[in-house]
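Here is what each chain is made of, one letter per residue.
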Amino acid sequence: MTHIVHPILLAGGSGTRLWPLSRKSYPKQFAKLMSEESLFQASAQRLSGDGFAAPMILTGSDFRFIVTEQLAAVEIAPAGILIEPEGRNTAPAILAAALSLAARAPEALMLVAPSDHVIPDPDAFRAAVQAATPAAQYGQLVTFGIRPDRAETGYGWLEMSQAPSADFAPVPQPFKRFVEKPDSATAETMLNGGQHLWNAGIFLFSVKTIIAAFEAHAPDMLAQVRMAVEQAEQDLGFTRLAPEPWGQIEDISIDYAVMEKADNLTVVPYGGAWSDLGGWDAVWRETGPDETGVVASDSATAIDCENTLLRAEEPQQQLVGIGLTDIIAVAMPDAVLVAHKDRAQDVKKAVAALKAKGATQAETLPRDYRPWGWFESLVVGSRFQVKRIVVHPGAALSLQSHYHRSEHWIVVEGTARVTVGDEVKLVTENQSVYIPLGATHRMENPGKVPMVLIEVQTGSYLGEDDIIRYEDVYARGQGAKG
């Protein structure tokens, strides 16, 4: 019998260990790390189809339009998108999803999954989920354990009361305890012992079971999250959790808040391939090195290299490695990472160091994604800036003005409908328009293909917060992004 499962996708993390590709402004779950689909899109597709309801997404305000755009691109309509006022770890996020789902489906089963994992065999994983549903319906908190293939120190582990079957069938097993990220010797012992699995951070339980678990083990959190859900506001197609009660909630994972205290846990072994892509060494491993251990992107060339990852993320870049062994090199237009493969987990130290020195590259990509499209800075001077702006078909920027800058727009692809003051006109390829300082203006794409223009800004201040919005179809309010 197939049971309907409600996926809950967690999409609010920052993924600093995959810097410079993954940054706070556009974290790894939305990036095309392994294929032409993002990790988030692959996760949503994996948990769709027969046996699955429409997914609920938890994310931050800055990512809400990225979520809707990426879901639309793979033709998946979400059941709801909850906006966290700030990141408070997985326990409050999962509880908010449970309380929201309880309002419309109090007997539902919910599958909680991060949106940045790689699971190459979606059918096998879906079969494991279905195998776990009877235990979840019976009132168990089910966690999924991954068959380990190495003595990994970067993951938490799960200890079972007995070893899984030789064929690693997804049969629910008695759970014994969680094991924190181990040292190398402990990991080797657990790998050889056969009763330990990697902790995937994926859970299946009924709505009423997980709410009861919070009531028993984290009642204060339950009260605060309930207030945040009850006081939530609708914003276009999003649900914004109330910021005041949310800000008082403890920042804690679901493991620490509930799972390590509960006595109704069950493990379902999963024998298929899996990775959380927790570092560039994992990307190297999952991409599939050649016979010399080299992984090179289309814009990278390896000469006499071994066990090395070379990635250039822009087609106009060319990254060349000569005589490298056990090296990770990732080139972006504004930042380059070079590290020994054994130090992949230390990339987050680089992000902290860049933040300390005030480098924007620590958290911000050169390409800035907005609900209408994206832009990137091509040249920046003391009193001028040149941008490339891409506007999606049918999309429109806000009606706005600036205190400190004027702008020239040159359309290079498509057609723009431009408002300047009281005048509205169409501007086609190779045509331009001037926006005086202080003038009310807007650009729209009335066509069916992306519209591309070059913007030249001149003025005494060119920051993105020099925007006064008068109308906005995306209801962003004031501020750089709103």
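Computed from a prediction, not measured in an experiment: that's the story for all the values here.

Caption draft 1: Spotlight on the overall build of the protein chain. Counting its regular elements, the protein chain contains 11 helices and 28 strands. In terms of overall size, the protein chain behaves like a compact globule, its C-alpha atoms giving a radius of gyration of 24 Å where 482 residues would be expected to give roughly 23 Å. The dimensions of the protein chain, computed from C-alpha atoms along their principal axes, are 75 × 60 × 40 Å. Accessible area for the protein chain stands at about 21100 Å²; split by element, carbon and sulfur atoms hold 50% of it. Both charge centroids of the protein chain, one from 40 positive and one from 59 negative side chains, sit 3 Å from each other.

Caption draft 2: Seen up close, the pairing of strand β17 (residues 336–340). What you see with β17 is a clean split: Leu-337 and Ala-339 sit on the buried side and Val-336, Val-338 and His-340 on the side with no burial. Sheet topology note: the strand β16 (residues 327–331)/β17 ladder contains five bridges and is antiparallel. In the sheet register, Val-330 faces β17, and the bridge partner there is Leu-337. From the end of β16 to the start of β17, which pair antiparallel, there are four residues.

Caption draft 3: Structural context of the UniProt feature "domain: Nucleotidyl transferase" (unreviewed entry) in the protein chain. The feature "domain: Nucleotidyl transferase" (unreviewed entry), as annotated in UniProt, sits at residues 7–286 in this numbering. With 35% helix and 21% strand, the stretch residues 7–286 has end C-alpha atoms that lie 25 Å from each other.

Caption draft 4: Examining the environment of Glu-75 more closely. Among the structural elements, Glu-75 can be located in the loop between α2 (64–73) and β3 (80–84). Sequence spacing of Glu-75 and Asp-304 is 229 residues, and the spatial spacing of their C-alpha atoms is 44 Å.

Caption draft 5: Spatial organisation of the packing of aromatic side chains. Applying the stated rule across the entire model yields 14 aromatic pairs. When the ring of Trp-157 is compared with that of Trp-198, the centres are 6.4 Å apart and the planes differ by 85°; the resulting orientation is edge-to-face. With a gap of 41 residues between them, Trp-157 in strand β6 (residues 157–160) and Trp-198 in strand β8 (residues 196–206) connect regions that are remote in the sequence. The burial state of Trp-157 is the same as that of Trp-198; both residues are buried.

Caption draft 6: Inspection of the UniProt feature "domain: MannoseP isomerase/GMP-like beta-helix" (unreviewed entry) in the protein chain at higher detail. The positions UniProt marks with the feature "domain: MannoseP isomerase/GMP-like beta-helix" (unreviewed entry) are residues 302–354. A helix fraction of 15% and a strand fraction of 40% characterise residues 302–354, whose end C-alpha atoms lie 28 Å from each other.

Caption draft 7: Quick peek at the confidence of the model for the protein chain. Across the protein chain, pLDDT averages 93, with 99% of residues at or above 70. The secondary-structure element of the protein chain with the lowest mean pLDDT is strand β18 (residues 367–370), recorded at 88, while β16 shows the highest, at 98.

Thresholds applied
Here the residue numbering is sequential within each chain, running from 1 through the sequence in written order. The model is predicted, so local features are restricted to residues of pLDDT at least 70 and side-chain atom pairs to those at 80 or more, both for listing and for counting; the totals for chains, interfaces and linings are taken over all residues. Side-chain numbers here rest on the full set of heavy atoms in the structure, without hydrogens or water. Each helix is a run of H or I in the DSSP string that is no shorter than four residues. Each strand is a run of E no shorter than two, and both are numbered from the N terminus. This radius of gyration counts C-alpha atoms alone. The globule rule is 2.2 Å times how many residues there are, raised to the power 0.38. We get accessible surface area from the Shrake-Rupley algorithm with a probe of 1.4 Å; when it comes to residues, only the shown protein chains can shield them. The sign given to each residue is positive for Lys and Arg and negative for Asp and Glu; His and the chain ends receive no count. To locate a charge, the coordinates of NZ of Lys, CZ of Arg, CG of Asp or CD of Glu are taken. Here's how the labels work: a residue is buried when its accessible area is under 20% of the maximum for its type, exposed when over 50%, partly exposed in between, all with a 1.4 Å probe on protein chains only. For two strands to count as paired, DSSP must find a minimum of two bridges between them. UniProt positions are given in the numbering used here, feature names are shortened, and annotations may be inferred rather than shown by experiment. Classification of ring pairs rests on two measures: the distance between centres of Phe, Tyr or Trp rings, Trp counted by its six-membered ring, which must be within 6.5 Å, and the angle between planes, read as stacked under 30 degrees, edge-to-face over 60 and tilted in between. By definition, pLDDT measures how confident the predictor is in each residue, and it falls between 0 and 100.

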